Amino acid sequence: MSIETRLAELGITLPEAPAAVASYVPWIRTGNLVMTSGQLPFRNGKLAFEGKVGAEVSEEDGGEAARICAINALAQIKAAVGDLDKVAQIVRLEGNVHSAPGFQGQPKVLNGASEFFNEVFGNRGLHTRTALGISEMPLNAPVQLSVFAEVAS
Amino acid sequence: MSIETRLAELGITLPEAPAAVASYVPWIRTGNLVMTSGQLPFRNGKLAFEGKVGAEVSEEDGGEAARICAINALAQIKAAVGDLDKVAQIVRLEGNVHSAPGFQGQPKVLNGASEFFNEVFGNRGLHTRTALGISEMPLNAPVQLSVFAEVAS
Amino acid sequence: MSIETRLAELGITLPEAPAAVASYVPWIRTGNLVMTSGQLPFRNGKLAFEGKVGAEVSEEDGGEAARICAINALAQIKAAVGDLDKVAQIVRLEGNVHSAPGFQGQPKVLNGASEFFNEVFGNRGLHTRTALGISEMPLNAPVQLSVFAEVAS
């Protein structure tokens, strides 16, 4: 099954790849690696959630925010490679959760992103991951996610 | 001298490579790079230390935690490549220290990991590094460490 | 125009590549990628700024600190490749801003680094970026920046 068919089956429509917030680019290809910039949970041009997870944002909403970041990252990867069937492997998620003091559920929050890639790509979606809790985040976003993907040469 | 011999000489027994905490994998190979997921200081299935360095965890214990993370990362790299003599270079440590307010000893803490790789691999253990102090950490671990290694093709 | 000529035109003199703060190396090359260790805003052997952006360090000074980190990173890349005209693309900036509570201007601060690479390299300076606000930083530096560059083989 093609990845586009799989996305349709899951009811997911990829958005326009969000523009970078400042003077950089949202993705780059070097060799067989595509790297995205840090993706925020933009939906229809606005942050879907704002604040720290464990305070203004619940753990469940944090997971939804992580999923939206992942969808945006996939839109960037599509912009980079054109055809998503060229993605050989999702290699790495670097996940950063804007965390209220004492919040330690970063892995659960980031599962919202990990499970998205697993659902869409199956074994090709299995990736390494980091999960950090940070104190301050651009635009007060609850999650920032970078994705590295290996693409067929 | 083989790396396994060197480990034995240093009295180090690699553990089973720890499983990932959530829905991702603990290592991946892309081209000649092996990347680990963020490693926590698990020893015999339990965190050897918990809390923030500079508060519940001393700087010295933080260094020991970093060393345990490094041992776990090496176990992952071994799982990836089979034979540790195939490691051409430890390329990068991304080090994150769960830090109490005002604690700035992240480099000393992470030397526990850097020196481990230097001891085991000699010049092939010399790596780049980042050292950040973060406010919240999964499972309340004091250190999280990711390792990138170049392996022979 | 060569990159050295462009640097001269911009009035920029690259410093000696700063040594690593601890037991690691300031850059490494793996395949066609050069990665730097986390660079701090050292100028003439001393930190040009100290403290958290949004508290002891203004947003504007934070941007200047980011620019100094970028200059130091470029000095590392030059040490790695010898001739800066071999840089095919600045691939990635991993930017970490030592942030006072509530400070969300990390993107503006890091533009100090991004714009430096854009000025020097033009299209070859366009990069992906992460922008995180962290609570504690080695040596109380306001910014830490890692740079990945693709070099011609």
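To keep things clear, this report deals only with the structure shown in the data block. (Residues numbered from 1 in each chain as written. Chains lettered and ligands numbered in written order. Predicted model: local features only at pLDDT ≥ 70, side-chain atom pairs only at ≥ 80, totals over all residues. Heavy atoms only, no water.)

### Topic: the packing of helix α2 (residues 59-81) of chain C against helix α3 (residues 106-121) of chain C
Residue and element names in this part refer to chain C. Where α2 contacts α3, the axes come no closer than 7 Å and their chain directions differ by 40°. It follows from the interaxial angle that α2 and α3 lie oblique. For the pair α2 and α3, the crossing hand works out as right-handed. Two secondary-structure elements touch here, α2 through E59, G62, G63, A66, R67, A70, I71, A73 and L74 and α3 through K108, V109, L110, G112, A113, F116, F117, E119, V120 and F121. (Axes fitted to C-alpha atoms, helices over the stretch in contact; angles between N-to-C directions. Helix = DSSP H or I, 4+ residues; strand = E, 2+ residues; numbered from the N terminus. Parallel < 35°, antiparallel > 145°, perpendicular 65-115°, else oblique. Left-handed = near helix turned anticlockwise from the far one by under 90°. Contact = heavy atoms within 4.5 Å.)

### Let's talk about the packing of aromatic side chains
All told, the structure shown has six aromatic pairs over all chains when counted by the stated rule. Their ring planes at 70° and their centres at 5.3 Å tell us that F116(A) and F117(A) sit as a pair that is edge-to-face. Across the pair, F117(A) and F116(A) agree in class, each one buried. Aromatic side chains F117(B) and F121(B) sit 6.5 Å apart centroid to centroid with 25° between the ring planes, which places their arrangement in the stacked category. Residue F117(B) and its partner F121(B) are both found in helix α3 (residues 106-121); the two are separated by four residues, about one turn of the helix. The two residues F117(B) and F121(B) agree in class, both being buried. The rings of F116(A), F117(A) and F121(A) are connected pair by pair, giving a single aromatic cluster. (Phe/Tyr/Trp six-rings, centres within 6.5 Å; stacked < 30°, edge-to-face > 60°. Buried < 20%, exposed > 50% of the residue type's maximum accessible area, 1.4 Å probe, protein only.)

### Let's talk about the pattern of salt bridges
Residues and elements named next belong to chain A. Considering all chains together, one arrives at 21 salt bridges over all chains under this definition. Residues E64 and R43 are paired through a salt bridge, measuring 3.6 Å at the closest nitrogen-oxygen approach. One end of the pair, E64, is in helix α2 (residues 59-81); the other, R43, is in strand β3 (residues 42-43), and 21 residues separate them in sequence. Using a relative accessible area of 31% as the deciding quantity, one classes E64 as partly exposed. By relative accessible area, R43 is classed as partly exposed at 41%. (Salt bridge = Lys/Arg side-chain N within 4 Å of Asp/Glu carboxyl O.)

### Examining the environment of E150(B)
With respect to the helices, strands and loops of the structure, E150(B) is situated in strand β7 (residues 143-151). Sequence spacing of E150(B) and A73(B) is 77 residues, and the spatial spacing of their C-alpha atoms is 14 Å. Discounting residues that sit within four places of it in the chain, E150(B) has contacts with N32(B), L33(B), K86(B), V87(B), A88(B), Q89(B), V91(B), R29(C), T30(C) and G31(C).

### Considerations on the interface of chain A and chain B
Listed per partner, the contact involves 30 residues of chain A and 27 residues of chain B. Here chain A packs against chain B, burying approximately 2000 Å² in sum over the two surfaces, 56% of which is carbon and sulfur. One can count zero salt bridges joining chain A with chain B. Where chain A meets chain B, there are twelve residue pairs in polar contact (both at pLDDT 80 or more). Listing elements by their share of the side of chain A that touches chain B, those giving two or more residues are β5 (87-98), α3 (106-121), β6 (128-134) and β7 (143-151) of chain A. Partitioned by chemical class, the residues of the side of chain A that touches chain B number twelve nonpolar, 13 polar and five charged. (Buried area = accessible area lost by both parts, 1.4 Å probe. Polar contact = N/O pair within 3.5 Å; in protein donor to acceptor, adjacent residues only side chain to side chain. Nonpolar A, V, L, I, M, F, W, Y, C, P; charged D, E, K, R; others polar.)

### Considerations on helix α2 (residues 59-81) of chain B
The terminal C-alpha atoms of α2(B), which comprises 23 residues, lie 33 Å apart, in line with the 33 Å expected from a rise of 1.5 Å per residue. Just downstream of α2(B) lies G82(B), where phi reads positive at about 80°. (Expected span 1.5 Å × (residues − 1).)

### Considerations on the relation of the copies chain C and chain A
When chain C is fitted onto chain A, the two copies agree to an RMSD of 0.0 Å after a turn of 120° and an axial shift of 0.0 Å. Considering both components of the superposition, the chain copies are consistent with a three-fold axis. Taken together, the interface assignments show that only 13% of the residues at the interface of chain C recur at the interface of chain A, consistent with different surfaces on the two copies. (Least-squares fit on C-alpha atoms with pLDDT ≥ 70 in both.)

### Points about the interface of chain C and chain A
Listed per partner, the contact involves 30 residues of chain C and 27 residues of chain A. Taking both partners together, chain C and chain A bury about 2000 Å²; carbon and sulfur atoms supply 56% of that area. In this assembly, chain C and chain A are joined by zero salt bridges. Where chain C meets chain A, there are 13 residue pairs in polar contact (both at pLDDT 80 or more). When contributions to the side of chain C that touches chain A are tallied by element, the ones reaching two or more residues are β5 (87-98), α3, β6 (128-134) and β7 (143-151) of chain C.

### Considering unusual backbone geometry
Both trends apply: most residues other than glycine have a negative phi, and most peptide bonds are in trans. Residue N44(A) is not a glycine yet carries a positive backbone phi of 50°. Inspection of the secondary structure puts N44(A) in the loop between β3 and β4 (46-47). Given a relative accessible area of 80%, N44(A) falls into the exposed group. One non-glycine residue, N140(B), lies in the positive phi region at around 65°. Note on placement: N140(B) falls in the loop between β6 (128-134) and β7.

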